[in-house]
Amino acid sequence: GAVVSQHPSRVICKSGTSVKIECRSLDFQATTMFWYRQFPKQSLMLMATSNEGSKATYEQGVEKDKFLINHASLTLSTLTVTSAHPEDSSFYICSAPRGSNQPQHFGDGTRLSIL
Amino acid sequence: QKEVEQNSGPLSVPEGAIASLNCTYSDRGSQSFFWYRQYSGKSPELIMSIYSNGDKEDGRFTAQLNKASQYVSLLIRDSQPSDSATYLCAVTSTLTFGKGTMLLVSP
């Protein structure tokens, strides 16, 4: 069964809306979680590394004020897309490893469509 | 900079054939290697992990690792149309991903 749960699976909303996506590790504690974005027919792009109890680490070119990440507990990280616009429409996926040198487990992804 | 290279494909094979997917990586200190399968519109799912040199078999899948050559491969025996997907190679738990190889298995 799933070990990482991501919600919601799909969001359709108007431009200017802020959207929150949740990522939960179900049966393990994750001090680190990862957020990815994938545009159609393109590869996964790492957006940021979410660190429990401290600030997220953003990849170059990702606006930290646009994509707010909160990792308030060992089992939950949230990504908030603030004031979303059509160009933010994409497939957002989170992942978490069970431990050092262990594989990542991915959530089912969130398809975000901004009208 | 840590890099993982994969041929983007598509790799086309007939049903029942062996599909061979290859990946090279730049970080000699890498300890763990993973293959993921991603169907269109879905998130990646882990299919194989390999940590030591040699072959590791799981059903129709065999992962091969050669650390000296910095090379990891995935063989899919008796390929099925349902195997058609993009296969992502990943190195270490920080997940440096390759861009993926699209596999097309024709009936």
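Here is what the cut-offs are and how they apply
Residues numbered from 1 in each chain as written. Chains lettered and ligands numbered in written order. Predicted model: local features only at pLDDT ≥ 70, side-chain atom pairs only at ≥ 80, totals over all residues. Heavy atoms only, no water. Helix = DSSP H or I, 4+ residues; strand = E, 2+ residues; numbered from the N terminus. Rg over C-alpha atoms; globule rule 2.2 N^0.38 Å. Buried < 20%, exposed > 50% of the residue type's maximum accessible area, 1.4 Å probe, protein only. Contact = heavy atoms within 4.5 Å. Areas by Shrake-Rupley, 256 points an atom, 1.4 Å probe, with all protein chains shown as cover. Lys, Arg positive; Asp, Glu negative; His and termini not counted. Charge placed at Lys NZ, Arg CZ, Asp CG, Glu CD. Pairing = 2+ DSSP bridges. Axes fitted to C-alpha atoms, helices over the stretch in contact; angles between N-to-C directions. Buried area = accessible area lost by both parts, 1.4 Å probe. Nonpolar A, V, L, I, M, F, W, Y, C, P; charged D, E, K, R; others polar. Salt bridge = Lys/Arg side-chain N within 4 Å of Asp/Glu carboxyl O. Core = buried A, V, L, I, M, F, W, Y, C linked by side-chain atoms within 4.5 Å.

K.L.:
I'm lost on the overall build of chain B in this one. Help?
P.N.:
Check the secondary structure of chain B and you find zero helices and eleven strands. At 13 Å, chain B has a C-alpha radius of gyration in line with the 13 Å of a compact globule built from 107 residues. Dimensions along the principal axes, computed over C-alpha positions, put chain B at roughly 40 × 30 × 20 Å. Residues counted as buried form 45% of the 107 residues belonging to chain B. Restricting to contacts in chain B with at least 6 residues of sequence separation, those with at least 24 account for 53%. Accessible surface, chain B as shown: approximately 5,100 Å² in total, 49% of it carbon and sulfur.

K.L.:
So what exactly am I meant to see when it comes to the overall build of chain A here?
P.N.:
Scanning chain A from N- to C-terminus turns up zero helices and eleven strands. Secondary structure of chain A in N-to-C order comes out as β-β-β-β-β-β-β-β-β-β-β. Its C-alpha atoms give chain A a radius of gyration of 13 Å, near enough to 13 Å, the size a compact globule of 115 residues would have. Buried residues in chain A amount to 50% of all 115 residues. Once local pairs closer than 6 in sequence are excluded, the contacts in chain A between residues at least 24 apart make up 51%. Surface accessibility of chain A: about 5,800 Å² in total, with carbon and sulfur atoms responsible for 49%. For chain A, the distance from the average site of its 11 positive side-chain charges to the average site of its 9 negative ones is 5 Å.

K.L.:
In this structure, what is going on with the sheet that holds strand β6 (residues 54-58) of chain B? I would like to understand it.
P.N.:
Residue and element names in this part refer to chain B. One open sheet accounts for five strands, arranged β1-β3-β8-β7-β6; its pairing is antiparallel. In this open sheet, the two edge strands, each paired with only one partner strand, are β1 (4-6) and β6. Strand-to-strand twist of the sheet, defined as the mean angle between neighbouring strand axes without regard to direction, takes the value 20°. With six bridges connecting them, strand β3 (residues 19-25) and strand β8 (residues 71-76) associate as antiparallel partners. Following the sheet pairing, Cys23 is matched in β8 by Val72.

K.L.:
I would appreciate a short explanation of the interface of chain A and chain B in the present structure.
P.N.:
Interface size is commonly expressed as the accessible surface area that is lost when the partners come together. Taken together, the contact between chain A and chain B spans 18 residues of the former and 18 residues of the latter. Across the interface of chain A and chain B, roughly 1,300 Å² is buried in total on both sides, 57% from carbon and sulfur atoms. The three residues of chain A that bury the most area against chain B are A:Asn101, A:Pro103 and A:Phe106, which together make up 37% of that side's buried surface. When contributions to the side of chain A that touches chain B are tallied by element, the ones reaching two or more residues are β4 (32-38), β9 (90-97) and β10 (104-106) of chain A. Take the side of chain A that touches chain B: its biggest share by element is three residues, from β4(A). Per-class residue counts for the side of chain A that touches chain B are seven nonpolar, nine polar and two charged.

K.L.:
Would you explain the pattern of salt bridges in this entry?
P.N.:
Where charged atoms of side chains with opposite charge meet at close range, the side chains can pair. Tallied over the full model, the rule gives six salt bridges over all chains. The closest approach of N and O atoms between A:Glu22 and A:Arg24, which form a salt bridge, is 3.4 Å. With its nearest N and O atoms 3.1 Å apart, the salt bridge here joins B:Arg37 to B:Glu45. For B:Arg37, a relative accessible area of 13% gives the class buried.

K.L.:
Please explain the nonpolar core as it appears in this structure.
P.N.:
Soluble, globular proteins show a tendency: their nonpolar side chains are buried together. Among the nonpolar cores identified, the biggest contains 25 residues, and A:Val4, A:Trp35, A:Phe67, A:Leu79, A:Tyr92 and A:Leu112 are the most heavily contacted of them. Of all elements in the fold, only β2 (10-13), β3 (19-25), β4, β5 (45-51), β7 (67-73), β8 (76-81), β9 and β11 (110-114) of chain A reach the threshold of two or more residues within this core. Of all hydrophobic cores here, the second largest spans 23 residues; its members include B:Val13, B:Tyr25, B:Val72 and B:Cys89.

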